[in-house]
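Listed here are the chains, written in short residue letters.
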Amino acid sequence: MDLNLLRVVVPLSLLFVLGLSQQNSSLGNVTFGAIFTFGSINGRVARIAMEAAVEDVNSDPRILGGRKLVLRTSDANFSGFRSIIGGLQYMAKDIVAVIGPQTSGMVHILSHLANALHVPMLSFTALEPTLSSLQYPYFIQTAPNDLYQMTAIADMVSYFGYKEVVVIYTDDDQSRGSMVALANKLGERLCRITYKAVLSPEALATPQEIRNELVKISLMESRVIVVHAFAAVGNIVFDMAHTLRMMENGYVWIATAWLSTVLDSLPVTRESAKSIQGVLTLRPHTPDSTRKRAFLSRWKKLSNGSVGLNPYGLYAYDTVLMIAKAVGEFLEGGGIISFSNDPILSSLGGSLNIGALSTFDGGKQLLVNILQTNMTGLTGQIAFQPDKSIIRPAFELLNVIGEGYKQIGYWSNYSGLSTVPPEILYNKPPNRSSASQQLEGVVWPGGTMVKPHGWVLPHNGRPLRIGIPDRVGYKEFVSKDEKTNEIHGYCIDVFLAAAELLPYALSHEFILFGDRHKNPSYSELVNLITTGVFDAAVGDITIVTNRTKIVDFTQPYIESGLLVVVPVRKQSSSAWAFLRPFTAPMWAVTGVFFIMVAVVVWILEHRINDEFRGPPRKQLITILWFGFSTMFFAHRENTMSTLGRMVLIIWLFAVLIITSSYTASLTSILTVQHMAPSIRGIESLITSNDRIGFQVGSFAEDYLNEELSIAKSRLVPLGSPEEYVDALRNRRVTAVVDERPYMELFLSSYCEFQAVGHEFTKSGWGFAFPRDSPLALDMSTAILTLSENGELKKIRDKWLKVRGCSQANTSGSNRFQLDSFWGLFIICGTACSLALIIYLCKIIRKFNRYFAHESEPITPNNSRSSRIQRFLSFADEKEEDLKRRLKRNHSSTISRGDSEEHGSSSGTKSEILVQRPNGNTYFQYS
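Rules behind the numbers
Residues numbered from 1 in each chain as written. Predicted model: local features only at pLDDT ≥ 70, side-chain atom pairs only at ≥ 80, totals over all residues. Heavy atoms only, no water. Helix = DSSP H or I, 4+ residues; strand = E, 2+ residues; numbered from the N terminus. Buried < 20%, exposed > 50% of the residue type's maximum accessible area, 1.4 Å probe, protein only. Contact = heavy atoms within 4.5 Å. Areas by Shrake-Rupley, 256 points an atom, 1.4 Å probe, with all protein chains shown as cover. 1 Å grid on protein atoms, 1.4 Å probe; cavity = no way out; pocket = protein on both sides within 12 Å on 5 of 7 lines; lining within 4 Å. Points joined across faces, edges and corners; volume = space filled by probe spheres on them. Nonpolar A, V, L, I, M, F, W, Y, C, P; charged D, E, K, R; others polar. Pairing = 2+ DSSP bridges. Phe/Tyr/Trp six-rings, centres within 6.5 Å; stacked < 30°, edge-to-face > 60°. Lys NZ or Arg CZ within 6 Å of the ring centre and 35° of its normal. Axes fitted to C-alpha atoms, helices over the stretch in contact; angles between N-to-C directions. Polar contact = N/O pair within 3.5 Å; in protein donor to acceptor, adjacent residues only side chain to side chain. Salt bridge = Lys/Arg side-chain N within 4 Å of Asp/Glu carboxyl O. Expected span 1.5 Å × (residues − 1). Core = buried A, V, L, I, M, F, W, Y, C linked by side-chain atoms within 4.5 Å. Patch = residues over 30% accessible without salt bridge, like charges linked within 9 Å, V, L, I, M, F, W, Y side chains within 5 Å. pLDDT = per-residue confidence, 0-100.

Student: Could you give an account of the overall build of the chain, naming the residues involved and the relevant values?
Tutor: Per the secondary structure count, the chain includes 31 helices and 31 strands. The buried share of the chain, taken over its 926 residues, is 50%. Contacts in the chain between residues far apart in sequence, at least 24 positions, make up 72% of those at least 6 positions apart. When the accessible surface of the chain is split by element, carbon and sulfur atoms take 55% of a total near 44000 Å².

Right, dumping it as structure tokens:
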């Protein structure tokens, strides 16, 4: 197609070429051309920058070895035809390279001339991504192409959490290729373009056409809009959007780099500023440097204040410098700038004089030199990657505020979004993780700092049509009130509560689906969303794989899974049924405490109670008998000590609680019906040939048949809880398989049935929406909020509260655990410990008082052991025997004192053992 166009254009264009001589450029000069629309912003800036670059190159003889660089310009004047004519004129002259054309459409045509005549073409504005392909070997993009710009936009959209985007662009080669790149990059981030507003090319787009497209967009769901156009069209888009009140709260506008060039190069009026408030835009990033600052300060003089400098002016300067240095290397390497006529073109001459077109003999080497460029210019490091794109492309992200803008961050293909300049991050390992992506706060349209939702319900005047199942049974989940015609139920309340949390009003209407004679097919209900009959489906809809392939579900608002329900049967008797009330640890600790309390009471009563004395064998039997007889309050031994009675009272209270609990639990175990059916779970059902009931309309039938390979002949459809009961009682089915929320309600009302086995399949119930509907995500967020603030539980308790008997018990649910009596055992243990401590203190005190002054030969070897033996003997001695022995000692002491008194001289002291009325003794000296 490009060659045909060339054949049409060449005869016309050569009318301008005829008569042009093939004189070489002035001896010693190096000539290159530039094709631009010099009336455009980038054209004006580029012309000034290129002329400044030529001046700087010619002032430095080291670059071209004393030769002069000559710039020839051709003004396309917004005309593709004139761009082609300018290209042909240059090819008829001795020009080493061409800068331009300004737009990608002209590159597709002129690049064929460049390929044939070996003249490199360089452009910093024709940035359509496909132009870097192998089809255009002599075309080089000297600025970041739009693939990187669209990647930056896709990263921004994903960063702010948006999923759908509307794009506005002009129908030209450059914009079309860029939109393809944007769609691909959004798709990689699970986002998409929902609508493309295609405008006529720049010269043909009219305000009315733009207005019509904006009106369409205002009626759509997505509020994230990307504008990719030239400045003339882009400005009209924003002016018209402001008029249509589309620059207010709720909208997100992203403009490509064309808007930043307008802000950098032209003064913005107050009225124009209102039209772009809150817009996000991009600008090619050029690192700060001394050379850049010097050029910025020089710019005002160069431009006479006619236009401001933008990054494309810097790229224009560096492009000229790049050509000059590549030519300089070419000449230093012995290259000769020469041109020759192509014999093939000469043979086609005729009246068209095509032979005037000359081929640059050193064009291939010059192309190699350009692609091997590695220098530092005004835009930073200049070098090319193998695909001919510049290295390390980066963009600044700008937020329009007032009549200017603020920078909210950077984007680079090295580390993604960041608030740190890319050149700093280049010294660190690349990190594109989501946690590292950061941007500053944004002022959005309408002057708000709150991030817009980016999506609203379409303004088509129609409420959301929501299909709900018209159930026959389990009306607690969803049903219609025949008196008021209102739809209510657990599922409806959850949906309405979630809808209230949405940041926008959700206009909707509920539409019943079903014939009212049986439960509808839920799969059919979901399918009707894909055909447009319903906009959503709300109810007890299980999230299963087949359904997720055609619609989007919200976060589950209730967990579900299939259960097997069977009739309850009495458990077979067991010889060890009496052990069931307590668990093994409970039995063990109880037995230990029986023995421990008996030992403590024996210690406390041993010295004063004859029933706790005697031979060791008898005492052991007494301990065991006393301990276990307290279980039946049948102990015949009396306690005489205060401490012993205290311990026994506390222990008997504990025994009373333990025995009462044991009796109650054993009674429940032996009298309450428990499950012991032949079917013990889904595994038993699979291996048997029994008939299985399922709820009509649920996914249980397909799951049992397709996943578990149970024959359909064994599956019996049931429609309501009453049908469940009838089928199970009359043994038309052996078991019923249904979802847990239904079964919990069923079992709470019918105690003669019980769930067996474990819950198989793990799923949940959710609300269904069309694929890629933002409502699914918003409702999921709302459901999570309901779960976190407790509202979801309140709604469940309101509708699904368990009534009557609950069959949630298992065979071990009546067994008492050690944790249930831990506090009681701690009290008893503490009482025993305190009693022993008090008793021990009293015994030690008596021992020291009675025997502290007994005379006995003491040696270093036997002093400690003999004292311990005396203490143990003292503790084992009966209290009455001790008192009698002390009385005898007292009498002998008195007699010995009388005899010593008569035999001693006056003034000699005597030691007398005195006994108090309470039985205690002490020594008195006289």
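From this point on, the discussion continues.
Student: Summarise empty space enclosed by the protein; cite the residues concerned and give the values.
Tutor: The final tally for this structure, using the stated rule, is 1 cavity of 30 Å³ or more. When its volume is computed, the largest cavity comes out at roughly 40 Å³. Y522, D540, T542, R547, G697, S698, F699, E739 and Y742 together form the lining of the largest cavity. The residue makeup of the lining of the largest cavity, split by class, is 3 nonpolar, 3 polar and 3 charged.

Student: With reference to specific residues and values, describe the pairing of strand 10 (residues 280-284).
Tutor: Most of strand 10 is tucked away: 5 of the 5 residues are buried. Residues L280, L282 and P284 line one face of strand 10 and the alternating positions T281 and R283 line the opposite face, and both faces are buried. As paired strands, strand 9 (residues 252-255) and strand 10 are joined by 2 bridges and run parallel to one another. The residue of strand 10 that forms the bridge with I254 is L280. Bridge count between strand 10 and strand 15 (residues 394-401): 5 bridges; the pairing is antiparallel. Note on strand 15: the bridge partner recorded for T281 is L398.

Student: I'd like a rundown of unusual backbone geometry, residues and numbers included.
Tutor: Residue P101 is bonded to the preceding G100 through a cis peptide linkage, with omega at 0 degrees. Mapped onto the secondary structure, P101 falls in the loop between strand 3 (98-99) and helix 5 (104-117). Even without being glycine, R516 reaches a positive phi, approximately 70 degrees. Looking at R516, the relative accessible area reads 43%, which means it is partly exposed.

Student: Go over the packing of aromatic side chains with me, naming the residues and quoting the values.
Tutor: Taken as a whole, this structure holds 37 aromatic pairs when the rule is applied. Residues F582 and Y662 carry aromatic rings whose centres are separated by 5.6 Å and whose planes lie at 65 degrees to one another, so their mutual orientation is edge-to-face. Taken together, the residues F582 in the loop between strand 24 (558-567) and helix 20 (584-605) and Y662 in helix 22 (residues 642-671) connect sequence positions 80 residues apart. In this structure F582 comes out as buried when scored by relative accessible area, which is 2%. Its end group placed over the ring of F38, R47 keeps NZ or CZ at 4.5 Å from the ring centre. Lying over the aromatic face of Y426, R392 brings its terminal NZ or CZ to 4.3 Å of the ring centre.

Student: An account of the sheet that holds strand 28 (residues 753-765) is requested, with residue identities and associated values reported.
Tutor: Sheet architecture is open: 5 strands sit in the order 26-25-27-24-28, paired in mixed fashion. The outermost strands of the open sheet, each flanked by one partner alone, are strand 26 (715-718) and strand 28. The sheet shows a mean angle of 25 degrees between the axes of neighbouring strands, direction not considered. By the bridge criterion, 4 bridges tie strand 24 to strand 27 (residues 735-739) in an arrangement that is antiparallel. Paired with L563 across the strands is D738, a residue of strand 27.

Student: Tell me about the side chain of S389, residues and numbers included.
Tutor: Considering the arrangement of structural elements, one finds S389 in the loop between strand 14 (380-382) and strand 15. In terms of polar contacts, S389 uses its side chain to reach the side chain of Y148, at 3.2 Å. Residues within four places of S389 in sequence aside, it is in contact with N145, Y148, A383 and F384.

Student: How would you explain the pattern of salt bridges if you had to name every residue and give the values?
Tutor: The final tally for this structure, using the stated rule, is 33 salt bridges. Here R283 and D264 are joined by a salt bridge, their closest N and O atoms 2.9 Å apart. Of this pair, R283 sits in strand 10 while D264 sits in helix 10 (residues 258-265), placing them 19 residues apart in sequence. Of the two residues, R283 and D264, both sit in the buried class. Measuring nitrogen to oxygen at the nearest pair gives 2.5 Å for the salt bridge that ties E482 to R516.

Student: Describe helix 27 (residues 774-788), and please don't skip the residues or the numbers.
Tutor: Three or four residues apart is the spacing at which side chains of an α-helix point the same way, because the helix has 3.6 residues per turn. Under the 1.5 Å per step criterion, the end-to-end length of helix 27 is 22 Å for 15 residues, consistent within 8% with the ideal 21 Å. Taken as a whole, helix 27 has its buried residues at P774, L775, A776, D778, M779, S780, A782, I783 and L786. Looking at the buried positions of helix 27, the neighbouring elements they touch are strand 6 (164-170), strand 18 (464-469), helix 17 (490-500), strand 23 (551-553), strand 29 (768-770) and helix 28 (791-799). Downstream of helix 27 by a residue or two, G790 has a phi angle that is positive, lying close to 85 degrees.

Student: Requested: an account of the sheet that holds strand 17 (residues 416-418), with residues and values cited.
Tutor: As summarised here, the arrangement of the 8 strands in space is 7-6-8-9-10-15-16-17, forming an open sheet in which the pairing is mixed. Because the sheet does not close on itself, it has two edges, and the strands there are strand 7 (192-199) and strand 17. Across the sheet, the axes of successive neighbouring strands diverge by a mean angle of 25 degrees, strand direction being ignored. Of the strands in this sheet, strand 6, strand 7, strand 8 (224-228) and strand 9 touch helix 8 (residues 207-218), which is tilted by about 160 degrees from strand 7.

Student: How would you explain the nonpolar core if you had to name every residue and give the values?
Tutor: If you look at the biggest cluster of nonpolar residues, it comprises 73 residues, and the most contacted ones within it are M50, L69, V96, I99 and F124. Residues within four places of I99 in sequence aside, it is in contact with F32, G33, A34, I35, F36, M50, L122, F124, T319, V320 and I323. Membership of the second largest hydrophobic core comes to 65 residues, among which are Y490, F495, A497 and L800.

Student: Lay out the layout of surface pockets with the relevant residues and their values.
Tutor: What the largest pocket holds in volume is close to 990 Å³. Along its surface, the largest pocket is lined by 41 residues, and Q102, T103, D172, E202 and F230 are the ones closest to its centre. Among the secondary structure elements, those contributing two or more residues to the lining of the largest pocket are helix 2 (41-58), helix 4 (80-91), helix 5, helix 6 (146-159), helix 7 (173-188), helix 9 (231-243) and helix 10. The biggest single contributor to the lining of the largest pocket is helix 7, with 4 residues. Residue composition of the lining of the largest pocket, by class: 18 nonpolar, 18 polar and 5 charged.

Student: Explain a nonpolar patch on the surface to me, using residue names and the numbers behind them.
Tutor: Taken together, the side chains of I595, V599, L620, L624 and F628 define a hydrophobic patch exposed on the protein surface, amounting to about 390 Å² of accessible area. Those elements that place two or more of their residues in the nonpolar patch are helix 20 and helix 21 (616-629). Counting residues per element, the nonpolar patch draws most heavily on helix 21, which supplies 3 residues. Relative to the helices and strands, L624 resides in helix 21.

Student: Give me the lowdown on the environment of K801, citing residues and values where you can.
Tutor: Relative to the assigned elements, K801 resides in the loop between helix 28 and helix 29 (822-851). Classification of K801 by relative accessible area gives exposed; the value is 59%.

Student: Kindly report on the side chain of T590, identifying the contributing residues and their values.
Tutor: Assignment of secondary structure puts T590 in helix 20. Relative accessible area serves as the criterion here: at 4%, T590 is assigned to the buried category. When sequence neighbours within four positions are dropped, the list of residues in contact with T590 reads I658 and F825.

Student: With reference to specific residues and values, describe the confidence of the model for the chain.
Tutor: Across the chain, the average pLDDT comes to 83, with 82% of residues at or above 70. Predicted confidence for residues 806-812 stays below pLDDT 50, and this span has 8 contacts to residues more than four positions away or in other chains. Confidence drops under a pLDDT of 50 for residues 915-926, and excluding neighbours within four residues, the segment shows 29 contacts in the predicted structure.

Student: Kindly report on the environment of G65, identifying the contributing residues and their values.
Tutor: Its location among the elements puts G65 in the loop between helix 3 (61-64) and strand 2 (68-75). Classification of G65 by relative accessible area gives exposed; the value is 67%. Separated by 264 residues in the primary sequence, G65 and E329 place their C-alpha atoms 9.8 Å from one another.

Student: Lay out the pairing of strand 1 (residues 29-36) in plain terms, naming residues and giving numbers.
Tutor: The buried fraction of strand 1 amounts to 7 of the 8 residues, a majority that puts the element mostly inside the structure. In this sheet, strand 2 lies alongside strand 1 in parallel orientation, the contact comprising 8 bridges. In the sheet register, T31 faces strand 2, and the bridge partner there is V70. Note: strand 1 against strand 3, 2 bridges, orientation parallel.

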